Amino acid sequence: MGEQTPRYHRIADELRHLIDTGELSPGQQLPTEHRLMEQYSASRNTIRLALRRLTEEGLLVAGQGRGSFVRKSHPAAVWDWSVLESRSRHSSAQSNGDQWSTVVEESGSKPRQEVNVSIRRPPAEVAEQLGLDPESALTVVRERIRFVNQEPYALADSYFPEELVRGTPLMLPEDVSAPGGVLASSGLIQTHYRDEITVRMPTRTESERLALPAGTPVAVHRRTGYDKDGRPLRVMISILPGDRHIIRYDVSAD
């Protein structure tokens, strides 16, 4: 005899169907726990287990002391990493800030960045990619929270060998740009990139900085830029919540 499906699974399935069909719309508050207990003739614990299941799936968010709400959807930000940061695009981005801001504006949205700049020792994996001694080398780190229409959409931290960018605009705690890119304007020309993408759950700090509801995975996009001699000039690590980003590549089949 097969094992019976737990009661809270069946309640979660019914609520999920209401969300999928739009009967419970994004942002709508669910009935109180007491109302759900009456509606499904279930205990408080059973209702809480059902709501927790849907919260972990990313369908519900908990309002502080105000019950559960259907999670709102975010317009997807589409990033074509095949051409983003290409030198051919930098001249058009110059008037509006960096290329990220330009892409957001081109989609009809309003970009904003909070920038913090510091000088510190890099994490071991960043030091390795930059070919630096993690025990003694210093990097200039540009930490950014990137907003779209006043909502936090991404984190982007760029690491530069301190000795390479000392005295350049990259030391300024603000949006900076230059024709062809700030690195190129300082004589440091990136000729190719290496991208790595991993997917994981966010850290607590990332969740807080991005105001992420429970059950939101993030893509970690790590881009290392090299000059023509293969010297690494920069590592940029972007944290992209999975519910609001599309990463796109065009790849030649030759």
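Data block above holds the structure.
Described below are features of the structure shown in this document. (Residues numbered from 1 in each chain as written. Predicted model: local features only at pLDDT ≥ 70, side-chain atom pairs only at ≥ 80, totals over all residues. Heavy atoms only, no water.)

Concerning the pattern of salt bridges
A full pass over the atoms with the stated rule returns 18 salt bridges. One salt bridge connects Glu143 with Arg120, and the closest N-O pair in it is separated by 3.5 Å. With Glu143 in strand S5 (residues 139–148) and Arg120 in strand S4 (residues 111–120), this residue pair connects regions lying 23 residues apart in the sequence. Two residues, Lys228 and Asp229, come together in a salt bridge whose shortest N-O distance is 3.5 Å. For the pair Lys228 and Asp229, a shared accessibility class is recorded, and that class is exposed. Shared partners join several salt bridges into a network, and the residues in it are Asp13, Arg16, Arg53 and Glu57. (Salt bridge = Lys/Arg side-chain N within 4 Å of Asp/Glu carboxyl O. Helix = DSSP H or I, 4+ residues; strand = E, 2+ residues; numbered from the N terminus. Buried < 20%, exposed > 50% of the residue type's maximum accessible area, 1.4 Å probe, protein only.)

Comments concerning the pairing of strand S9 (residues 232–241)
When a strand is regular, its side chains alternate between the sheet's two faces. With respect to burial, S9 is a largely interior element, 10 of its 10 residues being buried. Pairing of strand S6 (residues 151–161) with S9 involves five bridges; the strand directions are antiparallel. Counted as the bridge partner of Ala156 is Ser238 from S9. Here strand S8 (residues 218–226) runs beside S9; their pairing, made up of nine bridges, is antiparallel. Note on S9: the bridge partner recorded for Val220 is Ile239. Here S8 hands over to S9 after five residues, with Gly230 in that stretch at a positive phi of 85 degrees. (Pairing = 2+ DSSP bridges.)

Quick look at the packing of helix H2 (residues 33–40) against helix H3 (residues 44–56)
Contact geometry for H2 and H3: axes closest at 9 Å, N-to-C directions at 105 degrees. Judged by the angle between their axes, H2 and H3 are roughly perpendicular. Residue-level contacts link Glu33, Leu36, Met37 and Tyr40 of H2 to Arg44, Ile47, Arg48 and Leu51 of H3. When the residues that make up the contact of H2 with H3 are grouped by side-chain class, the tally is five nonpolar, no polar and three charged. (Axes fitted to C-alpha atoms, helices over the stretch in contact; angles between N-to-C directions. Parallel < 35°, antiparallel > 145°, perpendicular 65-115°, else oblique. Contact = heavy atoms within 4.5 Å. Nonpolar A, V, L, I, M, F, W, Y, C, P; charged D, E, K, R; others polar.)

Here's the deal with the pairing of S8
Where burial is concerned, most of S8 is hidden: nine out of the nine residues are buried. Side chains Val218, Val220, Arg222, Thr224 and Tyr226 project from S8 onto one buried face, and the interleaved Ala219, His221, Arg223 and Gly225 project onto a second face that is buried too. Bridging between strand S7 (residues 192–200) and S8 involves nine bridges; their strand directions are antiparallel. Pairing of Ile197 across the sheet is with His221, part of S8.

Re the environment of Leu130
On the secondary structure map, Leu130 appears in helix H6 (residues 124–130). On the basis of relative accessibility, which here comes to 5%, the residue Leu130 falls in the buried class. As a C-alpha pair, Leu130 and Pro161 span 31 residues in sequence and 7.5 Å in three-dimensional space. Non-local contacts of Leu130, meaning those with residues more than four positions away in its chain, are made with Thr139, Tyr159, Pro161, Pro232, Leu233, Arg234 and Val235.

Structural notes on the packing of aromatic side chains
For any pair of aromatic rings, the description consists of the separation of the ring centres together with the inter-plane angle of the planes. Counted according to the given criterion, the structure contains one aromatic pair. Ring plane angle 20 degrees and centroid distance 6.2 Å describe the contact between Trp79 and Trp100, whose orientation is recorded as stacked. Separated by 21 residues along the polypeptide, Trp79 in strand S3 (residues 77–80) and Trp100 in helix H5 (residues 99–106) bring together distant segments of the chain. Neither residue differs from the other here; Trp79 and Trp100 are each classed as buried. (Phe/Tyr/Trp six-rings, centres within 6.5 Å; stacked < 30°, edge-to-face > 60°.)

Purely geometric numbers; function is a separate question.
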